[in-house]
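Notes for the structure review
Take a look at the letters that make up each chain.
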Amino acid sequence: MGFFRTVLGFFGFGVGVTMGLVIGYYLFIYFQPTDVKDPVIRPLVELDTKSLESMLPEVPHWVKNPDFDRIDWLNKFVENIWPYLDKAICKTAKEIAKPIIAENTAKYKIDSVEFETLTLGSLPPTFQGMKVYTTDEQELIMEPSIKWAGNPNITVVVKAFGLKATAQVIDLHVFALPRITLKPLVPSFPCFAKIVVSLMEKPHVDFGLKLLGADLMAIPGLYVFVQEIIKTQVANMYLWPKVLEVPIMDPAKAQKKPVGILHVNIVRAVKLTKKDFLGKSDPYVKLKLTEEKLPSKKTSVKRSNLNPEWNEDFKLVVKDPESQALELTVYDWEQVGKHDKIGMSVIPLKELIPDEAKSLTLDLHKTMDANDPANDKFRGQLTVDVTYKPFKEGDSDVDTSDESGTIEKAPDGTPEGGGLLVVIVHEAQDVEGKHHTNPYVRIVFRGEERKTKHIKKNREPRWEQEFQFVCEEPPINDKMQIEVISRPPSIGIHSKENLGYVVISLADVINNKRINEKYHLIDSKNGRIQLELQWRTS
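The model shown is predicted, which means the values in this text are computed figures rather than measured ones. (Residues numbered from 1 in each chain as written. Predicted model: local features only at pLDDT ≥ 70, side-chain atom pairs only at ≥ 80, totals over all residues. Heavy atoms only, no water.)

1. Regarding the overall build of the protein chain
Threshold: The way it works is that DSSP assigns letters per residue, a run of H or I at least four long becomes a helix, a run of E at least two long becomes a strand, and they are numbered from the N terminus. For the exposure calls, accessible area comes from a 1.4 Å probe over protein chains only, and a residue counts as buried if that area is under 20% of its type's maximum, exposed if over 50%, partly exposed in between. Every residue pair with non-hydrogen atoms within 4.5 Å of one another is taken to be in contact. Areas reported here follow the Shrake-Rupley algorithm with a probe of radius 1.4 Å; residue values treat only the protein chains shown as occluding.
Helix and strand counts for the protein chain come out as seven helices and 26 strands. Within the protein chain, the proportion of its 538 residues that are buried is 36%. Pairs at least 24 residues apart make up 66% of the contacts formed inside the protein chain by residues separated by at least 6 positions. Surface exposure of the protein chain reaches about 32,700 Å², of which carbon and sulfur atoms provide 57%.

2. What to know about the nonpolar core
Note the following rule: By convention a nonpolar core is built from buried Ala, Val, Leu, Ile, Met, Phe, Trp, Tyr and Cys residues, the set being connected through side-chain atoms within 4.5 Å.
Among the nonpolar cores identified, the biggest contains 29 residues, and M480, I482 and I529 are the most heavily contacted of them. At the level of elements, β19 (419-429), β20 (439-445), β22 (462-471), β23 (479-486), β24 (497-505), α7 (507-512), β25 (514-520) and β26 (528-536) are the ones that each hand at least two residues to this core. Apart from residues lying up to four places away in sequence, I482 is in contact with V423, V441, R442, I443, G500, Y501, V502, I504, I529 and L531. Grouped together as the second largest cluster of nonpolar side chains are 27 residues, F314, I342, L364 and V386 included.

3. Here's the deal with the packing of aromatic side chains
What characterises a pair of aromatic rings is the spacing of the ring centres plus the angle enclosed by the ring planes. Let me state the cut-off plainly: We call Phe, Tyr and Trp rings a pair once their centres come within 6.5 Å, taking the six-membered ring for Trp, and we label the pair stacked below 30 degrees between planes, edge-to-face above 60, and tilted otherwise. We count a charge as sitting over a ring when the NZ of a lysine or the CZ of an arginine lies within 6 Å of the ring centre and within 35 degrees of the ring normal.
Using the criterion set out here, one finds three aromatic pairs in the structure. Taking the centre distance of 5.3 Å and the plane angle of 70° together, the rings of F445 and F469 count as edge-to-face. Taken as a pair, F445 in strand β20 and F469 in strand β22 lie far apart in primary sequence, 24 residues in all. One exposure class covers both F445 and F469, and it is buried. Directly above the aromatic system of F175 lies the positively charged group of K147, at a separation of 5.2 Å from the ring centroid. Cation over ring: R303 sits above W333, and NZ or CZ is 4.0 Å from the ring centre.

4. Topic: the sheet that holds β19
Note the threshold: Strands are labelled as partners when DSSP assigns at least two bridges between them. Only C-alpha atoms enter the line fits that serve as axes; for helices the fit covers just the stretch in contact. Angles between N-to-C directions range over 0 to 180 degrees.
Read from one edge to the other, the open sheet built from four strands follows the order β22-β19-β26-β25, with strand pairing classed as antiparallel. Looking at which strands have only one partner, the edges of the open sheet turn out to be β22 and β25. Each neighbouring strand pair of the sheet contributes to a mean axis angle of 20°, computed without reference to strand direction. Across eight bridges, the pairing between β19 and β22 is antiparallel. Across the sheet, residue V425 finds its bridge partner in β22, namely Q465.

5. So, the confidence of the model for the protein chain
Note the following rule: You can read pLDDT as the predictor saying how much it trusts each residue, on a scale of 0 to 100.
Looking at the protein chain as a whole, the pLDDT averages 79, with 77% of positions reaching at least 70. Predicted confidence is poor over residues 394-406, with pLDDT under 50, and the contacts of this stretch with residues over four places away or in other chains come to 20 contacts.

6. Re the pattern of salt bridges
So the rule is basically this: Salt bridge, as applied in this entry: a Lys or Arg side-chain nitrogen positioned within 4 Å of an Asp or Glu carboxyl oxygen.
For the structure on display, the rule yields 19 salt bridges. In this structure, the salt-bridge partner of K76 is E79, at a minimum N-O distance of 3.8 Å. Here K76 and its partner E79 are both found in helix α4 (residues 72-107), three residues apart, which amounts to about one turn of the helix. Classification of K76 by relative accessible area gives partly exposed; the value is 49%. By relative accessible area, E79 is classed as partly exposed at 46%.

7. Here's the deal with the side chain of E532
Applied cut-off: We define a polar contact as two N or O atoms separated by no more than 3.5 Å, with the added condition that, inside protein, one atom must be a possible hydrogen donor and the other a possible acceptor, whereas residues neighbouring each other in sequence contribute only through side-chain atom pairs.
One can find E532 in strand β26. A polar atom in the side chain of E532 sits 3.1 Å from the side chain of R514. Among the polar contacts made by the side chain of E532, one reaches the side chain of Q534 at a distance of 2.8 Å. Not counting residues up to four positions away in its chain, the partners in contact with E532 are V422, V423, I424, H426, R514, I515 and N516.

8. Let's talk about the environment of L382
For L382, the location among the structural elements is in strand β18 (residues 381-390). For L382, a relative accessible area of 0% translates into the label buried. Here the alpha-carbon distance between L382 and K271, two residues 111 residues apart in the chain, equals 9.3 Å. With near-sequence residues (within four places) excluded, L382 lies in contact with I266, R268, A269, V285, W310, L328, V330, L360, T361, L362 and L364.

9. So, the pairing of strand β15 (residues 325-332)
Most of β15 sits inside the fold, with seven of its eight residues counted as buried. Across seven bridges, the pairing between strand β12 (residues 283-289) and β15 is antiparallel. Of the residues in β15, the one forming a bridge with Y284 is Y331. Direction of pairing for β15 relative to strand β16 (residues 340-348): antiparallel, over a ladder of eight bridges. When the sheet's bridge partners are listed, L326 is paired in β16 with I347.

10. Concerning unusual backbone geometry
With an omega of -20°, the peptide bond between K183 and P184 qualifies as cis. By the secondary structure assignment, P184 is in strand β6 (residues 178-185).

11. Concerning the sheet that holds strand β17 (residues 358-363)
Read across the sheet, four strands follow the order β14-β11-β18-β17 without closing on themselves; strand pairing throughout is antiparallel. A single partner strand is all that each edge strand has here, and the edge strands are β14 (309-318) and β17. The mean inter-strand angle of the sheet, taken between neighbouring strand axes irrespective of direction, is 25°. Bridge count between strand β11 (residues 260-270) and β18: 10 bridges; the pairing is antiparallel. Each bridged residue has a counterpart across the sheet, and for N265 the counterpart in β18 is D385.

12. As for the pairing of β6
Counted residue by residue, β6 has six buried out of eight residues, so it is predominantly covered. As paired strands, β6 and strand β7 (residues 192-199) are joined by seven bridges and run antiparallel to one another. Residue R179 lies in a different strand from β7, and its bridge partner there is S198.

13. Observations concerning a positive patch on the surface
This is how the line gets drawn: Here the term patch refers to residues with relative accessible area over 30% and no salt bridge, with like charges joined within 9 Å and nonpolar side chains (Val, Leu, Ile, Met, Phe, Trp, Tyr) within 5 Å. Charge convention: Lys and Arg are scored as positive, Asp and Glu as negative, and His as well as the terminal groups of each chain are ignored. Lys charges are placed at NZ, Arg charges at CZ, Asp charges at CG and Glu charges at CD.
Residues K338, K341, K366 and K377 make up a contiguous surface patch of positive charge. On the secondary structure map, K366 appears in the loop between β17 and β18.

14. What about the environment of K274?
Locating K274 in the fold gives a position in the loop between β11 and β12. In this structure, the C-alpha to C-alpha distance between K274 and I342, residues 68 residues apart in sequence, is 8.4 Å.

15. Looking at a nonpolar patch on the surface
A cluster of nonpolar residues, V132, L140 and L185, forms a patch on the protein surface that exposes about 200 Å² of accessible area. Relative to the elements of secondary structure, L140 occurs in strand β3 (residues 140-150).

As structure tokens, then:
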């Protein structure tokens with residue numbers, strides 16, 4: 001009986017398998033569609049952008065987006081310095097993570113969390129293109145497209161409740177589009193005060209996580225869960241408009257912003273040297289702060305007087321009281337020709353006590369060289385009253401960066417109801433003279449004239465110079481005229497040329513506290529000038 005059961009069972013299995021195969025084959029044939037059509041083949045030029053991007057996801061941004069520039073040179077640069085960048089980035093990452101780890105270990109009662117190894121590997125990130133924005137502010141904005149398929153070795157050791165666990169991150173892939181802003185731009189190396197980083201979209205982060213030798217990312221469902229957590233957390237911290245700021249230098253020190261005002265009263269001079277042919281002089285005093293490019297201030301001219309009385313007040317903006325000095329020079333005015341210098345003297349600001357008035361009688365010298373024998377001759381004396389009034393504590397720390405929208409306060413001592421009018425001449429574009437183009441800017445306000453340096457042979461000059469006017473009252477009904485002028489070459493027959501001008505009503509500046517705009521120059525074909533005006537009050 002056993003034998004027959006075995007034989008019948010074998011034939012039953014064989015018959016069943018055979019019949020199943022035959023029936024399956026006929027069902028496959030029966031349900032197979034008969035109206036099979038050839039696929040539609042379309043040229044790539046007929047596909048829309050979205051279809052092309054889905055077919056070719058690895059095409060770099062500079063190919064599919066005209067706003068992105070190709071930057072292969074940057075990839076080569078990063079490749080060469082990557083070993084050093086690796087160490088610098090890892091060091092910074094440890095410093096950033098240290099307080100975060102300390103906070104969470106206490107919160108979750110963890111003994112310690114330490115990096116056993118931290119290196120980003122030998123494969124640097126690559127830049128698929130970069131978009132650069134031009135704005136009217138003192139900043140540079142870049143948006144690089146970054147892809148990084150790295151081989152890092154990041155091992156973290158966690159100790160808690162007497163146990164020790166080791167987690168290792170491997171096979172890291174990051175695709176991100178950050179916005180990197182260098183601001184504010186300053187005239188001191190490296191020419192920007194801080195780096196501001198933000199993400200314009202959620203990044204793609206893919207990695208393996210080994211725990212106790214097993215890859216946790218292989219667990220079904222965990223990979224997607226971790227991906228969403230990472231994207232959400234990163235977005236909460238750095239997705240625009242949230243930013244990560246990396247300070248590079250103190251912008252106040254880099255730009256040498258005002259720290260106070262020097263009040264000067266030119267009182268009198270006595271026994272001045274005779275310069276005129278008839279034994280008289282027509283004296284006046286010029287005063288300025290050293291290390292300052294602003295033009296000198298002047299007193300009135302006292303005709304035929306060797307013992308003149310002025311009693312005229314001046315206010316000078318101080319940027320560095322430790323190194324700056326007040327330079328006073330007495331001249332004999334001449335109607336024709338160069339004015340003769342009678343004598344000069346200097347007052348170092350570091351010798352002044354803040355907020356304390358000081359009256360000084362100064363001997364006039366030919367030069368400030370102590371070894372010059374010409375200084376032994378008596379040239380007269382000048383009496384002045386000086387008071388250095390620094391900012392109140394905290395005024396110089398006011399954030400004047402463009403994103404804050406706040407304006408620095410005027411220094412202590414500004415006339416009550418008045419303020420400080422600040423004019424920053426940034427740059428000009430498309431200015432051109434008929435015979436020469438050596439542009440400089442002339443500012444005229446309430447009879448005062450200020451000038452920038454001139455730049456030789458340049459249609460796109462950049463000055464970045466600041467000028468300040470102390471006002472007894474808001475100049476709400478005043479206008480300021482700003483001219484772009486071309487200075488003629490030292491050798492030539494042509495005179496200076498006007499390249500255009502603009503007249504600005506100051507009411508908007510007073511009401512808005514700050515404007516930063518590009519103005520089309522009148523009497524210029526395409527010329528424009530970028531100006532920033534601020535109204536600072538105490």
